[in-house]
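# Observations on chain architecture
Each chain is listed here by its residues.
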Amino acid sequence: MENYEVIGEIGAGQFGKVVKIKRKSDNKILVWKQLEYGKMDEKEKSQLVAEVNILREIRHPNVVRYYDRIIDKQNQHIYIIMEYCEGGDLAAFLKNLKKEKETIPEEAIWRIFMQIVLALHEIHHKKIMHRDLKPANIFLDSKNNAKLGDFGLSKKLSDETKFAYTNVGTPYYMSPEQIEENKYNEKSDIWACGCLLYELGALSPPFPATNHLALAMKIKNGKFERLSKQYSDELMRVISWCLQKNSENRPSVDDLLNLPQISMRLREKR
Ligand SMILES: CNC(=O)c1c(C)[nH]c(/C=C2\C(=O)Nc3ccc(Cl)cc32)c1C
């Protein structure tokens, strides 16, 4: 801890607080996420260690970079040192746009979507599934690049701890198979990608609801409003494809990367 100077708290993440820090050796601005492992049982602790070990292997421009971890046995805290994302989380960004009655141009929507699909491509082939893809877990850097953060830590916490930590928000991006208590699979991340793509256009989730029951009914019904006419039919087609109720009918990450709107932008990046 003495290698870092605390600058200030910047948000209470799903699993404890996110603090902006400066690394004394080179003045680099980073953040740490503080987790109280004292409240976890043995299984969760070992899973958290496994998850952090996976996190440290991933180096990808669209995944929030993990740097280090500090275990403070005194107060039973673990500090996960990660990349600072100046733009904050996408949920706050969308909320602000909505307040200002602004919308995201389609070009920007495809760019954010491409970056999240690239991040999913990276973690899926490492056999990690996000399980909690949503605007609050996507962070923007100073160049407005989208980065997947905080993934996986939630997937292995057992229910009571997850309940204790998961913010009481409504699980808008829950897939039909998750509601049916079926196994979460990679296509559930694709469903969440469809919800994200929709929300980037509508600034609201595809299945808005005020309670879990109404939400579950809307998800199983699977109907959602078309986005405003400023958005193309291609965009709507990709959203509908990702939001297929039957997970087998949804695209794979590779199908999405082969979409003309994505592959064209990938070539531009090179
Ligand atoms: C209002 N929020 C902010 O200003 C904000 C900023 C500038 N950064 C963040 C959050 C993170 C940040 O900057 N890096 C992170 C790495 C992992 C996780 Cl889970 C979160 C962050 C936040 C919440």
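Reference entry: report on the structure contained in this document. (Residues numbered from 1 in each chain as written. Predicted model: local features only at pLDDT ≥ 70, side-chain atom pairs only at ≥ 80, totals over all residues. Heavy atoms only, no water.)

## Looking at the environment of His-121
Summarising the element assignment, His-121 is placed in helix H3 (residues 106–124). Along the primary structure His-121 and Asp-254 are separated by 133 residues, whereas in three dimensions their C-alpha atoms are 7.6 Å apart. Residues within four places of His-121 in sequence aside, it is in contact with Val-253, Asp-254 and Leu-257. (Helix = DSSP H or I, 4+ residues; strand = E, 2+ residues; numbered from the N terminus. Contact = heavy atoms within 4.5 Å.)

## Considering the site of the ligand
As a matter of local geometry, the ligand sits amid 13 residues, with Lys-33, Val-64, Glu-83, Cys-85 and Phe-139 nearest to it. Residue Glu-83 places a main-chain N or O atom 2.8 Å away from a nitrogen atom belonging to the ligand. Between the ligand and Cys-85 there is a distance of 2.8 Å, counted from an oxygen atom to a backbone nitrogen or oxygen. The fraction of the free accessible surface of the ligand (520 Å²) that becomes covered by protein chains is 80%. Mapped by element, the contributors of at least two residues to the shell around the ligand are strand E3 (29–36), strand E5 (77–83) and strand E6 (88–89). (Near = heavy atom within 4 Å. Polar contact = N/O pair within 3.5 Å; in protein donor to acceptor, adjacent residues only side chain to side chain. Areas by Shrake-Rupley, 256 points an atom, 1.4 Å probe, with all protein chains shown as cover.)

## What about the pairing of strand E2 (residues 16–23)?
Looking at chain direction, E2 and E3 are connected through five bridges and run antiparallel. Bridge assignment links Val-18 to a residue of E3, and that residue is Lys-33. Where E2 hands over to E3, the hairpin turn is made up of five residues, of which Asn-27 adopts a positive phi near 60°. (Pairing = 2+ DSSP bridges.)

## Description of the pattern of salt bridges
For the coordinates displayed, the defined rule picks out 11 salt bridges. The salt bridge involving Lys-134 is made with Asp-132; its shortest N-O contact spans 3.8 Å. In this structure Lys-134 comes out as buried when scored by relative accessible area, which is 18%. (Salt bridge = Lys/Arg side-chain N within 4 Å of Asp/Glu carboxyl O. Buried < 20%, exposed > 50% of the residue type's maximum accessible area, 1.4 Å probe, protein only.)

## Looking at the sheet that holds E6
Pairing in this open sheet of three strands is antiparallel, and the strands run E6-E7-E8 from one edge to the other. At either end of the open sheet lies a strand with only one pairing partner, and these are E6 and strand E8 (146–148). Bridge count between strand E7 (residues 138–140) and E8: three bridges; the pairing is antiparallel. Within E8, the position partnered with Leu-140 by the bridge is Ala-146. Packed on one face of the sheet, H3 meets E7 and E8 and runs near 30° to E8. (Axes fitted to C-alpha atoms, helices over the stretch in contact; angles between N-to-C directions.)

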